[in-house]
Amino acid sequence: MHDPSYARGAQQLGELLRRTRRLLAEGGTAEEALWELWNGTAWPSRLERAARRGGAAGRNADRDLDAVCALFATAARAEERIGGRGALNFLEETDAQDIAADTLTRRAVRPEAVKLMTAHRSKGLEWRLVVVAGVQEGLWPDLRRRGSLLEADRIGRDGLAEPLSPGALLAEERRLFYVAATRARERLVVTAVKAPAEDGDQPSRFLTELGVEPRDVTGRPRRPLSVAALVAELRATTVDPEASPALRDAAARRLARLAALTDDEGRPLVPAAHPYRWWGMLERTESKVPLRERDRPVALSGSALDQLANTCSLQWFLGREVKADAPATAAQGFGNVVHVLADEVASGRTPADLDVLMERLDSVWNALAFDAPWKSAQERETARAALERFLNWHVMGRETAGRTPVATEHDFDVTIEAGEYQVRIRGSMDRVERDARGRAYVVDFKTGKNAPTGAEVARHPQLAVYQLAVREGAVDDLFGGERPEPGGAELVHLRQAAAKRDGGDALPKVQAQSPDGGEWVGDLLATAAGKVLDERFTPATGRQCDHCAFRSSCSARPEGRQVVE
């Protein structure tokens, strides 16, 4: 498909663009560069003089101006379609074209097909049936002033004309409506929506000028407007016990016809019409191999416990067991790097110096995948602030808290009784400290953007599991073989600043869990172990859905119900 006006514009401006190419900034858009170039040349005045003279020269000037307008429009569409690639890229692409093309030009349609177009495009054409839809007041007539970058609508034989008055715009809209209505040879259908309230959508004043009384149509049955919606309605009718046998049979036959349609290569055009794609009608599958052996302890971690018992057990199963979760993100890489650097400082392998830590950070930062350079720079500054808060907490906060570090990244593995189940708890404690009373205190660093509420911290499963593991001997080797009492646990949010009363931006936000009242975690472990052994993984909605990789196929989510309905 070719646009002659665009091709002519490219040809007329080609030499001029090549001479001035060095003046165009790489970072500017093609439309901006063309506009600057146009203002810096003598073309506008020459075209105006030629248009005033009339005759063949005037007609050529009109065509040249149309060509320039088409070139400007093409540059604008290129920016919308592929983003800001710069003026030079646009010009190189233009030079390389053997045949100028316009993706928005009128395309050929198949015979006996419905043709969708604007009223302007319909001029000179006719059809047996024409539907003029959306004839609403405010849309038709649309009395807003038209315009474009070059204001080509104001160009007349005598130069620039004044903008159209509201009366002239109304007359132009009436003529356009007349054009649309007279395209029908046999039947014309004009539709509009009338809201109950006067301030809502109302039919256009043009409807009364047709000479036919508008007919209100209410209560009409809903009709699907897409193939997917049609298939869904037919499938629902086929299995509806309240539908008549004749209606269910007719729906099944229509589905069979749709399922049999194929393209030139034999691939089905409507695969969802075939019953083998109706997932909601299939029986639940069961694995012949159990997920966990009942005679062996159920292995769980603190984070797994939270998913299984409190949020969404199906998310845990698909992410942890099936390993179908999305690949690691830049946010996860951010957290891993900060955790490693915090461990190096606490263990003494790296000095507690911000410049040293940033040097270590920069050595691996480019390996993290970010969507854009500006995002990488932004996250690097966030990482710097997080490390600075960590250092302040590590140096000053320890003196205030009266605790001394004992170990970092401490792995543990304990087995306990939880109701009728044996549960094996495995994990890693970011930091274990000894308080003034000789008790074990567990610290867990967080680098996420969200923090739990105070009530959620009191029953935070991961912190409670750490304290339970202390009671079961997870840190005995760190305390000379003796079993310490748990002294509490806390979340240290390195990305988030503390409240002003707690130190402000210089220190991280800290949320502590007391060592008392943790008996509830045993019941939580029993519930989670029972779900794993019985393989009861049901979806549940909540905040975890915001970052779930399976929401598009989850039956608990509106966007996922299409899979089973």
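Up top you'll find the structure we're talking about.
Everything quoted here is computed from the prediction, not taken from an experiment. (Residues numbered from 1 in each chain as written. Predicted model: local features only at pLDDT ≥ 70, side-chain atom pairs only at ≥ 80, totals over all residues. Heavy atoms only, no water.)

1. Thoughts on the overall build of the protein
When helices and strands are tallied, the protein shows 16 helices and 10 strands. The buried share of the protein, taken over its 565 residues, is 36%. Partitioning the contacts of the protein with sequence separation of at least 6, the portion at a separation of at least 24 is 67%. Element-wise, carbon and sulfur atoms account for 51% of the exposed surface of the protein, whose accessible area totals about 34700 Å². (Helix = DSSP H or I, 4+ residues; strand = E, 2+ residues; numbered from the N terminus. Buried < 20%, exposed > 50% of the residue type's maximum accessible area, 1.4 Å probe, protein only. Contact = heavy atoms within 4.5 Å. Areas by Shrake-Rupley, 256 points an atom, 1.4 Å probe, with all protein chains shown as cover.)

2. Describing empty space enclosed by the protein
A full pass over the atoms with the stated rule returns 4 cavities of 30 Å³ or more. Forming the walls of the largest cavity are Cys312, Leu314, Gln315, Leu318, Ala540, Gln544, Cys545, Cys548, Phe550, Arg551, Cys554 and Arg557. Considering only residue class, the lining of the largest cavity consists of 8 nonpolar, 2 polar and 2 charged. (1 Å grid on protein atoms, 1.4 Å probe; cavity = no way out; pocket = protein on both sides within 12 Å on 5 of 7 lines; lining within 4 Å. Points joined across faces, edges and corners; volume = space filled by probe spheres on them. Nonpolar A, V, L, I, M, F, W, Y, C, P; charged D, E, K, R; others polar.)

3. Some remarks on the side chain of glutamine 513
The topology assignment puts glutamine 513 in strand β10 (residues 508-513). In this structure the side chain of glutamine 513 is engaged in a polar contact, spanning 3.3 Å, whose partner is the backbone nitrogen of alanine 464. Glutamine 513 has contacts with Val457, Ala458, Arg459, His460, Leu463, Ala464, Gln467, Gly488, Ala489 and Trp520, leaving out every residue within four places of it along the chain. (Polar contact = N/O pair within 3.5 Å; in protein donor to acceptor, adjacent residues only side chain to side chain.)

4. Topic: helix α6 (residues 166-181)
Counted at 1.5 Å a residue, the expected span for α6 with its 16 residues is 22 Å, and the 22 Å between its end C-alpha atoms agrees. Along its buried surface, α6 packs onto β1 (127-132) and β4 (184-190). (Expected span 1.5 Å × (residues − 1).)

5. A look at the nonpolar core
Core analysis: the biggest nonpolar cluster contains 40 residues, and Leu300, Val423, Ile425, Met429 and Leu525 have the highest contact counts within it. Contributions of two or more residues to this core are made by β5 (298-300), α9 (302-309), β6 (404-418), β7 (421-434), β8 (440-446), α15 (461-471), β9 (486-497) and α16 (520-534). For this core, the element with the highest residue contribution is α16, accounting for 9 residues. Apart from residues lying up to four places away in sequence, leucine 525 is in contact with Leu300, Leu305, Ile416, Ala418, Val423, Ile425 and Leu468. Grouped together as the second largest cluster of nonpolar side chains are 26 residues, Phe334, Leu361, Leu391 and Val492 included. (Core = buried A, V, L, I, M, F, W, Y, C linked by side-chain atoms within 4.5 Å.)

6. A short note on the packing of aromatic side chains
Within this structure, the stated rule accounts for 9 aromatic pairs. Measuring from ring centre to ring centre gives 5.6 Å for phenylalanine 390 and phenylalanine 445, while their planes differ by 85 degrees; the resulting arrangement is edge-to-face. Residue phenylalanine 390 is found in helix α13 (residues 373-401), and its partner phenylalanine 445 is found in strand β8; the two are separated by 55 residues along the sequence. Across this residue pair, the class does not change: phenylalanine 390 and phenylalanine 445 are buried. What makes phenylalanine 445 buried here is its relative accessible area of 5%. Of note, arginine 495 hangs over the ring of phenylalanine 334, and the distance from its end group to the ring centre comes to 4.3 Å. (Phe/Tyr/Trp six-rings, centres within 6.5 Å; stacked < 30°, edge-to-face > 60°. Lys NZ or Arg CZ within 6 Å of the ring centre and 35° of its normal.)

7. Thoughts on the state of the cysteines
Counted according to the given criterion, the structure contains 0 disulfides. The cysteine cysteine 554 is free of any disulfide, with cysteine 312 supplying the nearest cysteine sulfur at 5.9 Å. (Disulfide = S-S within 2.5 Å.)

8. Digging into the environment of leucine 314
With respect to the helices, strands and loops of the structure, leucine 314 is situated in helix α10 (residues 313-321). Taking relative accessible area as the criterion, leucine 314 reaches 22% and is therefore assigned partly exposed. In this structure the C-alpha to C-alpha distance between leucine 314 and phenylalanine 537, which are 223 residues apart in sequence, comes to 4.6 Å. Among all residues touching leucine 314, those that are not within four sequence positions of it are Phe537, Thr538 and Pro539.

9. A short note on the packing of α15 against α16
With their axes 10 Å apart at the nearest point, α15 and α16 run at an angle of 105 degrees to one another. With respect to each other, α15 and α16 are oriented roughly perpendicular. Facing α15, whose interface residues are Pro461, Ala464, Val465 and Leu468, α16 presents Trp520, Val521, Leu524 and Leu525. Residues belonging to the contact of α15 with α16 are distributed by class as follows: 8 nonpolar, no polar and no charged. (Axes fitted to C-alpha atoms, helices over the stretch in contact; angles between N-to-C directions. Parallel < 35°, antiparallel > 145°, perpendicular 65-115°, else oblique.)

10. What about unusual backbone geometry?
Here the bond from tryptophan 140 into proline 141 is cis, since omega is 15 degrees, no more than 30 degrees from zero. Along the chain, proline 141 falls in the loop between β1 and β2 (155-156). Positioned with a positive phi, glutamate 409 is a non-glycine residue whose angle comes to about 45 degrees. Secondary-structure assignment places glutamate 409 in strand β6. In this structure, glutamate 535 takes a positive phi of about 55 degrees despite not being glycine. Relative to the helices and strands, glutamate 535 resides in the segment after α16.

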